[in-house]
Amino acid sequence: MPYHDYEQHLMGSAKVTPKGSFEVGSMQSFQLIYTAGKFGIDDQGGLMIGLRPHFDGSKLQQDDPKAEGYITVESSKKIPIEFKIETRRSIRPLQKNIYIICKKFLQENDKIIIRIGDKRFGSPGVRLQTFCENKFDFKILVDPFATQDFIPLPDLEHPEISIIPTIGKNWKLVVPSLRRPNEKFKLSIKCEDKWGNPSNKVKMDLFLEVNNKVKGLPKKFTFKKGNFVKTIRDIYISQEGIYNVILKDKNNKVLTKGNPIVIKESEYAHFWSDMHGQSRETIGTNTAEEYFDFGKNRSFLDICGHQGNDFQITDHFWKELNLITKNYNKDGEFLAVPGYEWSGNTSVGGDHNVWYKKEGRPIFRSSRALLYNESKKGNDAHTSKDLINKLKDEDALVVAHVGGRYADISYAHDSNLEPSVEIHSAWGTFDWILKDAFKLNYKVGIVAASDGHKGRPGASFPGDSLFGSYGGLTCHLLKKLDRNNLFNEFRARHHYATTGARIFLDVKGTFLDKTFLIKPLTKEKISIKSCLMGDDLLTVADEFNLNVDVKGTSPIEKIELYDGLKLYETIIPYNVHSITNRIRITCAGQNYRGRGRLVNWDCKAVFTKGKIKKFKCFNFWNPNRQPNNVNNNTLEWKTVTTGGSSGIDFWITRDSLEGELIIKSNFEDIKINLSEINHKPKNYKFGGMDIRMSIQSLPEKLEKTYISKNFHIKLKNSKDYRFYIKAVQEDGHQAWSSPIYIKKQNISTQA
């Protein structure tokens, strides 16, 4: 049952000290004081203090008074009090809780004092969460009658603080990936703190270095304290080419390099989206209005969508969301797309994103698990089959994804509604959902998003919680930026996915013999000579050329060409026979498909000869959990994976290659002669779904950031092909192109 709303104004009051704004990740100490209301609190009654599940500060505890997160509770009457700290016991989103039981009764105006991060006995305090929140509230619920039926204080009476960014550390510069000559665009700059929050605490003179063919770009400007971003508009470039903008300080030190921008005559431009995340109205952080503002103005998205759990979206909030997307949507500048997450259990189809082209459309909920007294219950769609049936006459898009619940795409699928699957989010990397689609002979594209709950669409750092990856992005190939083009090209699967880096990816096919493009929805056949990623083709050609162009944001480790489930060819952009003293150890995988997928790693690497000259890690997203250099030949680390990977590069002295590498881990120990290691990863499997460790060598320095490759591919009669590219960068970021689907026909049976 829901929390009771009986006489909320008589349930008492609460306050927090100190009040105000506090930096993310800082150590603090708070005192919550609850004053009993008219009924007092009966013997065995009490309080519940609720926090949201993605609070990733100190683990709250009551056992060690010298450790962080220590909590004490007492009353002004000094009555006996018991309390427990529990998770997932109460109704979401209040899933981290302090339960307080009074062993004797309290009267009106008696007080209960809760100290969170109590420093009186040696605790350093409580470390705050890693993400900003304008309104971080301590939800107070009261059980005055000892019935275990908790009644919340009135909405505006819960104590609250504000959590703000700390000092900026990491500069980011964002430009478009593909524009035409003389087409105006903007350049955006921000400085993130160590947890990935844009900081407004930086003042610095900055300098931009780029080819002088870029028009409208100042050489120098001041980033002012109090500002979160600096945006420079109306830039254009007349000459075709590849451009990189470099940001420097007054001492000529490089602070960051922007993603590559390609200028060329093209039917399509590139536009970046994060269409999947939540706000505080459901289980996320900050308001829906703040969510879209962040996507537009602090992560510099072109397209943004909101995906609240349907079973928490009230009719009122659904109308409010539609109003927000309508107000934020502006063709040519920023698209805000209305939608929701159909959050059915995996047994009836699992999580699916739903987006509408227009506002004012119905919400077909998977359930009303957290809704009460809502109207139009007949509009519910309890299974994904029901959802597909209800959406058949709507101008909508649906994408299966892997969140807390994962989608079972074998349960139901409609190719007209569901053009793609989500392969990556802050929850992890899930190549398996694409493989599931191939096994079922579905024709799907590949997208990525954040599925973020921390109010940062488009720049979703995982923080220090269940999220194991940086949030993903999708790049859309559009003729122009409006919803009509977005929906048309989405249905054509003209998009590619990344793990959050703005990698430029271009995949095209060319044919000499008769080839037809099968249009989405209408299935009309159009004669073509060339195709894009995502296209669905019929051909009599015995061969075709696949042209791949990758321009990375970091040096490229490899490019893999797949035909469906089969790895067709791997491009290694370096001499694999050269002797190297760089060793890479990678931890990867997940326990299983569901919520408990997170894998904890506790490892130590020892080189029995020589020394470690230096090391560098990738996908270690928690700045407080970085590798520890024990001595000159030993490194320890702890990390987590949720389907993706996390790894370390070691540069060792040449004499180390004569010795062994010993790795001790919480799974099993490994011993290997370094002379046996080469560019081909040696994989060690540790159970779960795909838990594994790999060891390989890499060149001292990877050089190639841009790679173009032409694949000449033979096609066999009566066979179906599904060609796609996976590009892997040195820094761990990846990109996947939507597959090109080809059905090879005999000339005698051609359409």
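Residues numbered from 1 in each chain as written. Predicted model: local features only at pLDDT ≥ 70, side-chain atom pairs only at ≥ 80, totals over all residues. Heavy atoms only, no water.

Colleague: So what exactly am I meant to see when it comes to the sheet that holds strand S15 (residues 170-174) here?
Modeller: Sheets are built from strands paired through backbone hydrogen bonds, the pairs being either parallel or antiparallel. The 4 strands are arranged S15-S17-S21-S19 in an open sheet whose pairing can be described as antiparallel. The open sheet is flanked by S15 and strand S19 (214-215), the only strands paired with a single partner. Here S19 pairs with strand S21 (residues 229-237) via 2 bridges, running antiparallel. In the strand pairing of S21, Val214 is matched with Ile237. (Pairing = 2+ DSSP bridges. Helix = DSSP H or I, 4+ residues; strand = E, 2+ residues; numbered from the N terminus.)

Colleague: Could you clarify how one ought to interpret the packing of aromatic side chains in this entry?
Modeller: Under the counting rule described, the total for this entry stands at 33 aromatic pairs. Measuring from centroid to centroid gives 5.1 Å for Tyr562 and Tyr724, while their planes differ by 10°, and the two rings are stacked. Placement of the pair is Tyr562 in strand S41 (residues 556-563) and Tyr724 in strand S54 (residues 720-729), with a sequence separation of 162 residues. Exposure class is identical for Tyr562 and Tyr724. Each is buried. Put simply, the rings of Phe22, Phe30, Phe55, Phe136 and Phe138 pair up and form one aromatic cluster. A cation over a ring is seen here: Lys385 above Tyr411, with NZ or CZ 4.7 Å from the ring centre. Taking the ring centre of Trp651 as reference, the NZ or CZ of Lys614 above it sits at 4.7 Å. (Phe/Tyr/Trp six-rings, centres within 6.5 Å; stacked < 30°, edge-to-face > 60°. Buried < 20%, exposed > 50% of the residue type's maximum accessible area, 1.4 Å probe, protein only. Lys NZ or Arg CZ within 6 Å of the ring centre and 35° of its normal.)

Colleague: Which parts of the structure should I look at to understand the pattern of salt bridges?
Modeller: A pair can form between side chains of opposite charge whenever their charged atoms are brought close. Following the criterion strictly, the structure yields 43 salt bridges and no others. Close ionic contact of Arg280 with Glu133 constitutes a salt bridge, the shortest N to O distance being 3.6 Å. A residue pair is termed long-range when its members are at least 10 positions apart, and Arg280 in the loop between strand S26 (269-274) and helix H1 (288-297) and Glu133 in strand S11 (residues 133-137) qualify at 147 residues. For the pair shown, Arg280 and Glu133 are each scored as buried. Notably, a salt bridge pairs Asp315 with Arg365, separated by 3.0 Å at the nearest N-O pair. Highlighted residues: Asp315 in helix H2 (residues 315-328) and Arg365 in the loop between strand S30 (351-356) and helix H3 (384-390), separated in sequence by 50 residues. (Salt bridge = Lys/Arg side-chain N within 4 Å of Asp/Glu carboxyl O.)

Colleague: Can you walk me through the environment of Ile167 in this structure?
Modeller: Within the fold, Ile167 resides in the loop between strand S14 (160-164) and S15. Every residue in contact with Ile167, bar those within four places of it in the chain, is listed here: Asp193, Ser199 and Lys201. (Contact = heavy atoms within 4.5 Å.)

Colleague: Before we go on, may I ask you to explain the pairing of strand S1 (residues 13-17) in this structure?
Modeller: For a regular strand, side chains alternate in direction, first toward one face of the sheet and then toward the other. Alternating residues of S1 divide into Ala14 and Val16, all buried, and Ser13, Lys15 and Thr17, none buried. Pairing of S1 with strand S4 (residues 30-35) involves 5 bridges; the strand directions are antiparallel. Of the residues in S4, the one forming a bridge with Ala14 is Tyr34.

Colleague: Would you mind going over H1 with me for this structure?
Modeller: Taken together, the buried positions of H1 are Ala288, Tyr291, Phe292, Phe294, Gly295 and Lys296. Of the surrounding elements, those touching the buried residues of H1 are strand S17 (185-192), strand S27 (303-305), H2 and strand S28 (335-337).

Colleague: Can you walk me through a nonpolar patch on the surface in this structure?
Modeller: Taken together, Tyr6, Phe39 and Phe145 make up a surface patch of nonpolar side chains, about 270 Å² in accessible area. Mapped onto the elements, Phe145 comes out in the loop between strand S12 (139-143) and strand S13 (151-152). (Patch = residues over 30% accessible without salt bridge, like charges linked within 9 Å, V, L, I, M, F, W, Y side chains within 5 Å. Areas by Shrake-Rupley, 256 points an atom, 1.4 Å probe, with all protein chains shown as cover.)

Colleague: Whenever I open this one, the sheet that holds strand S2 (residues 21-23) confuses me. Can you help?
Modeller: Spatially, S2-S14-S11 is the arrangement adopted by the 3 strands of the open sheet, whose pairing is mixed. Pairing within the sheet leaves two strands with one partner each, and these edge strands are S2 and S11. The average angle at which neighbouring strand axes cross in this sheet is 40°, direction not considered. The pairing of S2 with S14 spans 3 bridges and is parallel. (Axes fitted to C-alpha atoms, helices over the stretch in contact; angles between N-to-C directions.)

Colleague: Hey, could you run me through empty space enclosed by the protein in this one?
Modeller: Empty pockets left among the atoms are what a rolling probe the size of a water molecule brings to light. Counted by the stated rule, this structure contains 7 cavities of 30 Å³ or more. Considering only enclosed or pocket space, the largest cavity measures out at about 140 Å³ in volume. Counted by class, the lining of the largest cavity contains 3 nonpolar, 13 polar and no charged residues. In this model, the second largest cavity occupies a volume close to 100 Å³. Along its surface, the second largest cavity is lined by Leu51, Arg52, His54, Phe55, Gln129, Phe131, Glu133, Phe136, Asp137, Ile283, Gly284 and Thr285. No other element matches S11, which puts 3 residues into the lining of the second largest cavity. (1 Å grid on protein atoms, 1.4 Å probe; cavity = no way out; pocket = protein on both sides within 12 Å on 5 of 7 lines; lining within 4 Å. Points joined across faces, edges and corners; volume = space filled by probe spheres on them. Nonpolar A, V, L, I, M, F, W, Y, C, P; charged D, E, K, R; others polar.)

The values reported here are purely geometric and, on their own, carry no functional implication.
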